[in-house]
Amino acid sequence: METYNSIGTSTDWIVMIVYFIGIMVFGSYFGKYNRTTTDFFFGGRRFAWWLIAMSIVATGVGSHSFIKYSAKGFEAGFSSTMTYMNDWFFLPFFIFGWLPIIVYTKIRSIPEYFEKRFSPATRFLATILLLLYMIGYVGIGFLTMGKAIIPLLPPSFELFGVQIQITLMGLVVVIAFIVGIYITYGGQTAVIFTDLAQGFILIFAGALIFTLGISYLGGFDIFWDLLPTEWKLPLANFNEPPGFNFVGIFWQDGVAGSVGFLFMNMGLLMRFMSCKSVDEGRKAAAFNILFMLPISAIVVGNAGWIGKAISLISPAVVSPNTDPDAIFVVVANVISHPGVFGFIMAALTAALMSTVDTLLNAIAAIYINDVHRPAKKWLSKKTQTWKEEDRQELFSARIATAFFTILGVLAVIPFSAFPTVYEAHGYFHSTLTPPLVVGIFFGIFWRRFTNTAVMSTFVGGVALMVLGMHYPVPLIQIFAHGTEYVPEHPYIYIGALYNLVACVLVAVLTTLTQNHQQKLIKQIKKMPNHRFIMISVSIAASILFAMIIFNLGSLPVLLGVIIILIFFIIIVSDYFFDYNEAEKTDGLTVWSLAKTKEYFKGSKINDAEGEKVKVCWRTKSGEDETINFSTTDMAKMKANIGDLVYLSDARNWLGGLKSVHSVYGEPHSESGIVYVTEEHIKQGQFIQNKLLSAEKEM
Amino acid sequence: MPPFEQTWLPFFYLYGVGGIFFLSGMIVIRKTGGINLEKRRHRYWWWVLIFGFFYFVLIHAALTFAALYL
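Residues numbered from 1 in each chain as written. Chains lettered and ligands numbered in written order. Predicted model: local features only at pLDDT ≥ 70, side-chain atom pairs only at ≥ 80, totals over all residues.

## Digging into the overall build of chain A
Which entries qualify depends on this criterion: A run of H or I in DSSP becomes a helix once it reaches four residues, and a run of E becomes a strand once it reaches two; helices and strands are each numbered from the N terminus. The reference for a compact globule is 2.2 Å times residues^0.38; the radius of gyration itself is calculated from the C-alpha atoms. Partly exposed residues are those whose C-beta has more than 12 but fewer than 20 other C-beta atoms within 10 Å; 20 or more makes a residue buried and 12 or fewer makes it exposed, with C-beta atoms placed from the backbone.
Each helix and strand counted, chain A has 28 helices and seven strands in total. The C-alpha atoms of chain A give a radius of gyration of 27 Å, which matches the 26 Å a tight globule of 698 residues would have. Across its three principal directions, the C-alpha atoms of chain A cover 75 × 75 × 55 Å. Each of the 698 residues in chain A was classed as buried or not, and the buried ones make up 55%.

The structure is reproduced here in structure tokens:
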């Protein structure tokens with residue numbers, strides 16, 4: 001396989017450095033909008049859909065896509081687009097199920113949902129699984145950035161007479177250092193705005209590569225005719241080759257990946273949560289999947305298609321044996337002039353940085369919410385003011401970001417062993433997402449799904465998944481749809497189907513047998529030494545789990561061990577944790593969304609559809625924190641006292657950056673005037689003499 | 001002409017199995033009250049969801065035709 005070094009010129013490096021400084025200054029400007037941890041993590045729930053939709057582009061596209069999809073485009077053709085065009089199937093579940101629940105329950109992280117819906121122990125397990133997932137994602141981001149930048153650098157350089165080799169890991173450490181500094185002082189608002197800028201720039205850079213590439217080849221007709229028919233098909237071959245086939249990628253990306261991305265990627269969810277309302281979140285999600293993802297599919301993969309076409313007519317320019325993960329950089333260099341190449345590379349690496357920033361910001365949110373706060377509550381008796389607490393949390397969030405950045409770097413080590421980033425990412429997704437995906441999905445949509453069921457899914461499901469890794473033949477082979485087993489690609493993609501089936505099976509069987517479980521627990525509790533028995537069973541379950549992890553037995557023996565393990569987990573969970581279905585599902589499943597909204601508002605919902613009004617603002621004094629409109633304006637908005645209101649700068653292009661949420665107070669008689677407090681002005685960063693736009697939220 | 005396993009089988013599988021997931025989603029949100037078709041805004045979303053499904057069916061069908069016959 002051909003590798004490249006020292007691609008690019010000094011002009012390209014100057015353009016890259018200027019771009020980086022520019023984007024960091026741009027992001028830092030928005031750091032002033034972080035007044036609380038809510039602002040730092042969620043951007044204050046105020047943004048318009050279009051702003052979030054564009055900023056999501058940079059998060060999704062920037063992550064690893066230019067490198068991995070160009071690699072697959074170079075190897076397989078237009079079917080590299082299929083992962084970007086299979087996300088619609090789960091959208092109904094997301095926009096009318098999960099999205100309103102996460103917004104209206106005011107949860108700050110997915111593990112918090114698990115505690116509300118199930119138990120603190122489930123929250124603990126979910127926190128571990130989610131942190132592993134997010135750290136893995138950061139690792140993939142770092143690996144991609146390393147692979148993108150390494151072809152630009154020489155193999156080694158001399159510093160004070162010492163020859164220093166440039167290695168992938170060394171480069172990743174340097175990148176992580178820069179990323180860590182940026183996110184620590186930025187926060188969610190900074191990330192949203194840098195991503196917004198980079199979303200546009202990425203689309204432009206991808207379109208530029210396509211245009212320059214087609215022009216290099218001599219026109220679209222030549223490009224189209226050069227490629228063989230197989231390369232033009234939008235979907236890959238059904239079940240071969242093992243390294244890239246349709247059915248495996250459908251289950252890995254279209255099912256596990258899509259549900260994982262929409263339902264458990266905290267980085268993405270925090271973006272939706274920063275939308276001013278649920279409906280704006282729906283618009284952002286639908287617009288992104290309908291329009292931005294198909295455009296992104298072309299933008300991220302076309303360097304591979306162009307590379308393939310060039311390799312057919314000029315193998316000396318682009319070798320057919322080029323390392324697929326380097327094809328993006330190679331093609332960008334071949335088709336563009338000095339400076340333009342620097343701009344393309346800067347856009348790519350800066351976007352990768354944004355993706356990692358988003359993820360690190362999300363990890364810090366999970367850390368503060370699911371580790372720091374519960375631990376502090378448990379350890380400290382000292383009472384702090386709200387401001388002291390918030391300052392301390394912001395500081396801890398920054399330290400946590402630095403710590404998880406280091407863990408992300410360490411995650412690069414196992415991922416770098418895969419032939420391409422695509423395969424590393426595919427394996428990672430199909431392995432880590434199924435237990436949490438099943439837990440979240442059933443938690444939202446199945447009222448009967450119990451705490452015991454989710455715990456047995458997390459432990460028993462993971463045990464079955466580990467067994468599948470030890471014995472891909474015959475366990476995963478049964479689900480392989482005829483995909484050939486080769487040790488270099490041990491069912492990387494189709495393994496997701498086996499893992500999903502394993503988790504669903506454990507979840508469903510545990511839920512359906514809950515009456516029998518209760519009878520058994522009653523019997524156990526009648527025994528004189530029942531507590532001692534159950535502690536012994538817990539220890540035995542840990543030993544059985546270790547047996548599976550370390551593969552201590554043949555397949556039939558370990559299958560038997562898993563059945564016993566699941567049984568033990570069920571009775572331990574039923575014994576130690578009380579679960580009240582009515583209480584734990586109230587407002588927390590899609591079946592009780594109306595109640596969820598009422599809890600969010602704190603009173604009955606006013607669904608009457610009013611209109612937006614434009615008003616001038618004046619300051620009011622006193623303790624009252626409501627916002628006061630005139631009787632006429634309230635009638636136009638069809639609002640009542642106590643309803644929720646969203647007040648923003650009337651200039652739409654600001655996308656809600658200058659805005660606040662509040663409650664309607666007593667009306668007055670001055671039409672076109674709104675009275676707000678000093679705190680509202682600070683929060684909304686309202687400017688004197690600028691009109692505000694007001695609308696009833698609910 | 002590439003074999004059926006490379007042309008239309010992935011297409012039918014994608015929208016057959018994917019369609020089952022999509023349909024289940026539509027049924028679940030309707031049955032649970034997540035979407036309330038008495039509300040004008042929700043009716044709009046209902047049609048957007050249906051449109052989106054067929055929009056992707058059409059894109060993939062058109063691209064497959066183009067690859068095979070253009």
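## Description of the overall build of chain B
The number of helices and strands found in chain B is two helices and zero strands. The C-alpha atoms of chain B give a radius of gyration of 16 Å, which is well past the 11 Å a tight globule of 70 residues would have. Here chain B, with 70 residues, has 23% of them falling under the buried criterion.

## Some words on helix α14 (residues 278-313) of chain A
Residue and element names in this part refer to chain A. Heads up, the rule is: Expected helix span is given by 1.5 Å per residue-to-residue step, counting one fewer step than there are residues. We define the bend at any residue as the angle between the axes fitted to the seven residues before and including it, ending there, and the seven starting there.
With 36 residues, α14 ought to run about 52 Å at 1.5 Å a step, and its terminal C-alpha atoms sit 51 Å apart, in line with that. At Gly-301, α14 shows its maximal kink, close to 50°. The buried count for α14 comes to 27 of 36 residues, which makes it a mostly enclosed element.

## A short note on the environment of Ile-673 of chain A
All names here are of chain A. For clarity, the cut-off: Working definition of a contact: two residues with C-beta atoms, positioned from the backbone, lying within 7 Å.
By the secondary structure assignment, Ile-673 is in strand β6 (residues 673-676). Ile-673 sits 45 residues away from Asn-628 along the chain, and the two C-alpha atoms are 8.4 Å apart. Excluding residues within four positions of it along the chain, Ile-673 makes contact with Val-615, Cys-616, Arg-618 and Ser-630.

## Notes on unusual backbone geometry
Residue and element names in this part refer to chain A. At the junction of Glu-240 and Pro-241, the peptide bond is cis and its omega measures out at 0° in the coordinates. Among the secondary structure elements, Pro-241 is positioned in the loop between α11 (229-232) and α12 (246-264). Put simply, Val-473 and Pro-474 share a cis peptide bond, and its omega is 15°. Unusually for a residue other than glycine, Lys-106 sits at a positive phi of about 60°. As for its placement among the helices and strands, Lys-106 is situated in the loop between α5 (91-104) and α6 (110-117). Here Lys-106 falls in the partly exposed class, since 13 other C-beta atoms lie within 10 Å of it. Even without being a glycine, Asn-551 presents a positive backbone phi close to 55°. The topology assignment puts Asn-551 in the loop between α23 (530-549) and α24 (555-576).

## Some details on the interface of chain B and chain A
Quick reminder of the rule: Each residue receives one of three labels: charged for Asp, Glu, Lys and Arg, nonpolar for Ala, Val, Leu, Ile, Met, Phe, Trp, Tyr, Cys and Pro, and polar for the others, Gly being one of them.
Facing the 34 residues of chain B at the interface are 33 residues of chain A. Listing elements by their share of the side of chain B that touches chain A, those giving two or more residues are α1 (8-32) and α2 (40-69) of chain B. Of the residues forming the side of chain B that touches chain A, the biggest block, 14 residues, is contributed by α2 of chain B. Taken together, the residues of the side of chain B that touches chain A sort by class into 22 nonpolar, ten polar and two charged.

## Regarding the sheet that holds strand β5 (residues 659-663) of chain A
Residue and element names in this part refer to chain A. Inclusion rule: At least two DSSP bridges between two strands are required for those strands to pair. To get an axis, a line is fitted to the C-alpha atoms, and for a helix only the part in contact is used. The angle between two axes follows their N-to-C directions and goes from 0 to 180 degrees.
Taken in spatial order, the five strands of this open sheet run β5-β4-β7-β3-β6, and their pairing is mixed. Of all the strands in the sheet, just β5 and β6 have a single pairing partner and so form its edges. Geometrically, the sheet is characterised by an average inter-axis angle of 40° between neighbouring strands, direction not taken into account. Taken together, the four bridges between strand β3 (residues 613-619) and β6 define a ladder with parallel strand orientation.

## As for the packing of α5 of chain A against helix α26 (residues 593-601) of chain A
Residues and elements named next belong to chain A. Stated formally: Should an angle fall under 35 degrees it is taken as roughly parallel, and over 145 as roughly antiparallel, whereas 65 to 115 is taken as roughly perpendicular and any remaining angle as oblique. We call a crossing left-handed when the near helix sits turned anticlockwise from the far one by less than a right angle, and right-handed when that turn is clockwise.
At a minimum axis separation of 9 Å, α5 and α26 run at an interaxial angle of 25°. The angle between α5 and α26 places the two elements in the roughly parallel class. Every pair of crossing elements has a handedness; the one defined by α5 and α26 is left-handed. Every residue of α26 that contacts α5 at Pro-100, Ile-101 and Tyr-104 is listed here: Leu-593, Thr-596, Lys-597 and Phe-600. Among the residues forming the contact of α5 with α26, the class breakdown is five nonpolar, one polar and one charged.

## Looking at the packing of α14 of chain A against α2 of chain B
As a packed pair, α14 of chain A and α2 of chain B sit with axes 12 Å apart at the nearest point and diverge in direction by 15°. As judged from the angle between their axes, α14 of chain A and α2 of chain B are roughly parallel. Taken as a pair, α14 of chain A and α2 of chain B cross one another with a handedness that is left-handed. Note on element contacts: α2 of chain B touches α14 of chain A through Arg-41, Trp-45, Val-48, Gly-52, Tyr-55 and Ile-59 of chain B, opposite Asp-279, Arg-282, Ala-286, Leu-290 and Pro-294 of chain A.

## A look at the domain arrangement of chain A
All names here are of chain A. What counts, and what does not: The source of the domain bounds is an automatic or database domain assignment.
Domain annotation of chain A identifies domain 1 (10-415), domain 2 (448-585) and domain 3 (606-696). Computed over C-alpha atoms only, the centres of domain 1 and domain 3 are separated by 36 Å. Contacts between the two partners involve nine residues from domain 1, matched on the other side by seven residues from domain 3. Each residue belonging to the side of domain 1 that touches domain 3 can be placed in one class, and the counts come to five nonpolar, no polar and four charged.

## Description of the pairing of strand β7 (residues 692-696) of chain A
All names here are of chain A. What you see with β7 is a clean split: Leu-692, Ala-694 and Lys-696 sit on the buried side and Ser-693 and Glu-695 on the side with no burial. Where β3 and β7 come together, three bridges link them in antiparallel fashion. Within β7, the position partnered with Val-613 by the bridge is Ala-694.

## Quick notes on helix α16 (residues 340-379) of chain A
Residues and elements named next belong to chain A. Between its first and last C-alpha atoms α16 spans 56 Å; for 40 residues at 1.5 Å apiece the expected length is 58 Å, and the two agree. The principal kink in α16, of about 35°, is found at Ile-368. Burial runs high along α16: 30 of the 40 residues are buried.

## Let's talk about the confidence of the model for chain B
Worth spelling out the cut-off: The pLDDT value tells you how sure the predictor is about a given residue, anywhere from 0 up to 100.
With 100% of its residues at a pLDDT of 70 or more, chain B has an overall mean of 94. Scored by ipTM, the complex comes to 0.97, with pTM at 0.87.

## Focus: the environment of Glu-678 of chain A
Residue and element names in this part refer to chain A. Summarising the element assignment, Glu-678 is placed in helix α28 (residues 678-684). Look at Glu-678 and you get exposed, because 10 C-beta atoms sit within 10 Å. The spatial distance from the C-alpha of Glu-678 to the C-alpha of Leu-217 is 61 Å, given a sequence separation of 461 residues.

## A word on the environment of Ser-336 of chain A
Residue and element names in this part refer to chain A. Looking at the element boundaries, Ser-336 is found in the loop between α15 (327-335) and α16. By C-beta crowding, Ser-336 is classed as buried, having 20 other C-beta atoms within 10 Å. Between the C-alpha atom of Ser-336 and that of Glu-240, which follows or precedes it by 96 residues, the distance is 35 Å.

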